[in-house]
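Examination of the molecular architecture
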Amino acid sequence: PVKQTKKTSAKEAQSIVTADDAISTKVNVSLMDIISGMKERGMDMPVLLRFENLIEDRLTKLNEAFANAIKESSYQNYYRGVFPIKVNQQAQVIEEISEFGSRYHHGLEAGSKAELIIALASLTDNDACIVCNGYKDDEFISLGLHAIQLGINCFFVVETLSEIPLIIAASTKMNVKPLIGVRLKLASKVDGYWSSDSGDRSIFGLTTSQLMEAVDQLRAADMIDCLQLLHCHLGSQIPNIQNIRSGVLEACRYYSELSSEGVPLGYLDLGGGLAVDYEGAYTNSTHSMNYNLDEYCADIVEAIIETLDPLGIKHPVILTESGRATVAYSSVLLFNILDVTHFEPAPIPKVIAEDASELVKNLHALLEIITIRNVQECFNDASHYRDEIRENFRRGRETLRSKALGENIYLAILQKIVLLLPQVKRMSTELENLPESLADIYYGNFSVFQSLPDSWAIDQIFPIMPIHRLDEVPTRDAILADLTCDCDGKIDSFTVDGVHRKTLPVHEVKEGEDYFFGAFLVGAYQETLGDLHNLFGDTNVVSVRINSDGSYDYVKEMEGDSISDVLSYVEYYPKALTERFRQRAEKAVKSGRINVAERQTMLRNFSESLGGYTYFEK
Ligand code: PLP
């Protein structure tokens, strides 16, 4: 939410984060105030800013929404959430989830041995569950059985039939009764980007005949009483509530059939999928959702009641593995703008020299005659002359200066056309796209690949906006480019007021003044999936906690990767690099190229660079 606070209105309008302190008190804090506090504490941009309250708030909202839905419909069991560690494995985040989640016995989902180790060491509440998904080897299974020995509700969710003999063998050997779940391959297909997580061709889960075989194998081993959980996951970011409803109904059919077969199920795990409205539009588009949290919970609870009540089957404990919807809100990537490229022409001479080429003269003449009525014609002619100039240049018939003049006039023509376009009723796609092709490029101090990888990989839209000067009309349109030298290192997909656009309205950057942006809802998947493209490392991370009186505390500060850190990730040894550089400098001293004092300055700079931040530093 963006609004002006009393404190900031005199200064400038700034982006405000509204946090629900615990459950009900709404307080506003200014991101710009937080940034100045960070600056004083030596934390440079870019910074990943985490709000502890927002993790607590989401856990509260999710658990309370299920509790309400359960109460409203007199559902005869309870809800247990588990957070999938893969969505944000950072120690701070998992610590916060374990701490705040214990109020609701919120547990963790682990998809690998490493994640199970995190879960075992982080959860202190024995009423919370650990759900183990993913392929499991003996070591994974032993760890899970140790959890059972410690009194933790740790479920092995069987993804493939080959895991069953391993679980039977290990639990017999260790004399521990495991808790087993089976993952179903549901036929229900979902909308959105992750639709391949469900349906016959999904790579996870058991087909119906494999499910029957799993039941038979466990029965034969006298372990059918261990099969207590049914699991399905339709996909992440499910935008359409109808899909969720039909998936739950299908899962309930399996639940009822297995129960009727005498399988003593007690838990129904519906996986993740609860969406985040990245576009603020509440539509069923990929980056949005056409439902809210209360509706999600109510629909799940009702679908279970609807299927199981007529058959007299006891209501199961409901589990969900909401990841995105739990942590996306808690992080904002803050970055500053370093430079801007405008696509503006240089001043055009009033008169073109007599000896200029005909093509340049033609372009110059066009500039004078553009009107609303002939924009398309002028655009076509200008493009033709510009292409001819380029062709002639290639063939040595046009000079470099002539080409420069021609292209500058062409740019002036395009800019003139763009100004007229709002008055043109019908236009070609070329003209429609013209404003975007002339938009500014704002160079931000961040790496898309490190901090917003889904924006690059799957065209995920994140809410991105300047976080100050919000009482000024934005007069420019821009795309954002990052620091990497990669043509994919840009963001040119935005949703503004519910409309999808390739450019973002921004302010003119003022000489000598900082201009800050925030990329919001980045707490899910981005930190984990980010990579070291061009060796830009982890950003600085600051966690704040907002108090009910509107003040806030900087509760955690973590410096981002230094250059030395990222070099060591790719197997360089900073000490060895320094030694090699020293030898080179020493050679240069010997040959008289530099003196010893210059050598010392170089070595000092080299060593300071190794210890420095990987991003642009002022
Ligand atoms: N559970 C499983 C098995 C998953 O594969 C995923 C992610 O795709 C999740 C939970 C988390 O999904 P989401 O982040 O949409 O809640």
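Residues numbered from 1 in each chain as written. Predicted model: local features only at pLDDT ≥ 70, side-chain atom pairs only at ≥ 80, totals over all residues.

Attention now moves to the sheet that holds strand S8 (residues 179-183). To summarise the sheet geometry, strands pair through backbone hydrogen bonds and adopt either a parallel or an antiparallel arrangement. The strand order around the closed barrel formed by eight strands is S4-S5-S6-S7-S8-S9-S10-S11, and the pairing between neighbours is parallel. Adjacent strand axes in the sheet meet at a mean angle of 25° when their direction is disregarded. With three bridges connecting them, strand S9 (residues 227-231) and strand S10 (residues 267-269) associate as parallel partners. Pairing of Leu-230 across the sheet is with Leu-268, part of S10. Docked against the sheet, helix H9 (residues 241-260) engages S9 and S10, running at close to 160° with respect to S9. (Pairing = 2+ DSSP bridges. Helix = DSSP H or I, 4+ residues; strand = E, 2+ residues; numbered from the N terminus. Axes fitted to C-alpha atoms, helices over the stretch in contact; angles between N-to-C directions. Contact = placed C-beta atoms within 7 Å.)

Moving on, we get to the UniProt feature "domain: Arginine decarboxylase helical bundle" (unreviewed entry) in the chain. The positions that UniProt labels "domain: Arginine decarboxylase helical bundle" (unreviewed entry) are, in the present scheme, residues 354-434. Helix and strand shares over residues 354-434 are 73% and 0% respectively, and the end C-alpha atoms of the span are 32 Å apart. (UniProt positions renumbered as here; feature names shortened; annotations may be inferred.)

It is worth spelling out the nonpolar core at this point. The biggest cluster of nonpolar side chains holds 133 residues, and the ones touching the most others in it are Ile-130, Phe-155 and Ala-251. Composition of this core by domain shows at least three residues from each of domain 1 (1-50 + 327-343 + 439-560) and domain 2 (73-322). The contacts of Ala-251, once residues within four sequence positions are left out, are Leu-184, Leu-186, Leu-230, Cys-232, Leu-268 and Leu-270. Residues Leu-363, Phe-379, Tyr-385 and Leu-405 belong to the second largest nonpolar core, which totals 17 residues. (Core = buried A, V, L, I, M, F, W, Y, C linked by C-beta atoms within 7 Å. Buried ≥ 20, exposed ≤ 12 C-beta atoms within 10 Å, placed from the backbone. Domains from an automatic or database assignment.)

Before going further, it helps to spend a moment on the domain arrangement of the chain. Examined at the domain level, the chain breaks down into domain 1 (1-50 + 327-343 + 439-560), domain 2 (73-322), domain 3 (358-435) and domain 4 (563-611). Relative to domain 2, the C-alpha centre of domain 1 lies at a distance of 34 Å. Listed as interface residues are 17 residues of domain 1 and, on the opposing side, 14 residues of domain 2. Here the side of domain 1 that touches domain 2 is composed, by residue class, of nine nonpolar, six polar and two charged. (Nonpolar A, V, L, I, M, F, W, Y, C, P; charged D, E, K, R; others polar.)

Turning our eyes to something else, we now look at the environment of Val-29. Among the structural elements, Val-29 can be located in strand S2 (residues 25-30). Taking C-alpha positions, Val-29 is 44 Å from Lys-575, a pair spaced 546 residues apart along the chain.

The next point concerns the UniProt feature "domain: Arginine decarboxylase C-terminal helical" (unreviewed entry) in the chain. Mapped onto this numbering, the UniProt entry gives "domain: Arginine decarboxylase C-terminal helical" (unreviewed entry) at residues 563-616. Summarising residues 563-616: 74% helix, 0% strand, and an end-to-end C-alpha distance of 12 Å.

On to the packing of helix H12 (residues 358-369) against helix H14 (residues 400-420), then. It is the contact of H12 with H14, at a shortest axis distance of 9 Å, that shows an interaxial angle of 20°. One element, H12, and the other, H14, form an angle in the roughly parallel class. The handedness of the crossing between H12 and H14 comes out as left-handed. Here Leu-359, Val-360, Leu-363, His-364, Leu-366 and Leu-367 of H12 come into contact with H14, specifically with Ser-402, Leu-405, Gly-406, Ile-409, Tyr-410, Ala-412, Ile-413 and Lys-416. (Parallel < 35°, antiparallel > 145°, perpendicular 65-115°, else oblique. Left-handed = near helix turned anticlockwise from the far one by under 90°.)

On to the pairing of strand S11 (residues 317-320). Pairing of strand S4 (residues 79-84) with S11 involves three bridges; the strand directions are parallel. Looking across to S11, one finds that Arg-80 is bridged to Leu-319. In the sheet, S10 pairs with S11 via three bridges, with the strands oriented parallel. Opposite Tyr-267, over in S11, you have Val-317 as the bridge partner. This β-α-β element, S10 to helix H10 (residues 293-308) to S11, shows right-handed connectivity. (Right-handed = clockwise from strand over helix to strand, strands pointing away.)

Moving on, we get to the pairing of strand S5 (residues 107-110). By the bridge criterion, three bridges tie S4 to S5 in an arrangement that is parallel. When the sheet's bridge partners are listed, Phe-83 is paired in S5 with Leu-108. You can see the chain leave S4, run along helix H4 (residues 91-101) and come back into S5, and the turn it takes is right-handed. Following the backbone out of S5, through helix H5 (residues 113-122) and into the adjacent parallel strand S6 (residues 129-132), one traces a crossover that is right-handed.

Counted at 1.5 Å a residue, the expected span for H9 with its 20 residues is 28 Å, and the 28 Å between its end C-alpha atoms agrees. Among the residues of H9, Asn-243, Ile-244, Gly-247, Val-248, Ala-251, Cys-252 and Tyr-255 are the ones counted as buried. Down the axis of H9, the buried set is contained in an arc of 165°. They therefore lie on one face. Positive backbone phi, approximately 95°, marks Gly-262, located one or two places after H9. (Expected span 1.5 Å × (residues − 1). Arc of directions from axis to C-beta.)

The next point concerns the environment of Ala-169. Topologically, Ala-169 is positioned in helix H7 (residues 163-174). Through-space distance from the C-alpha of Ala-169 to that of Asp-138 is 9.3 Å; in sequence the pair is 31 residues apart.

In the segment running from Met-45 into Pro-46, the intervening peptide bond is cis, with an omega of -5°. Its place among the elements puts Pro-46 in the loop between helix H2 (31-40) and strand S3 (47-51). At Gln-237, a residue that is not glycine, the phi angle is positive and equals roughly 50°. Relative to the helices and strands, Gln-237 resides in the loop between S9 and H9. Phi is positive for Asp-459, which is not a glycine, with a value near 55°. Along the chain, Asp-459 turns up in the loop between helix H17 (453-457) and strand S14 (464-466). Exposure remark for Asp-459: the 13 C-beta atoms within 10 Å place this residue in the partly exposed category.

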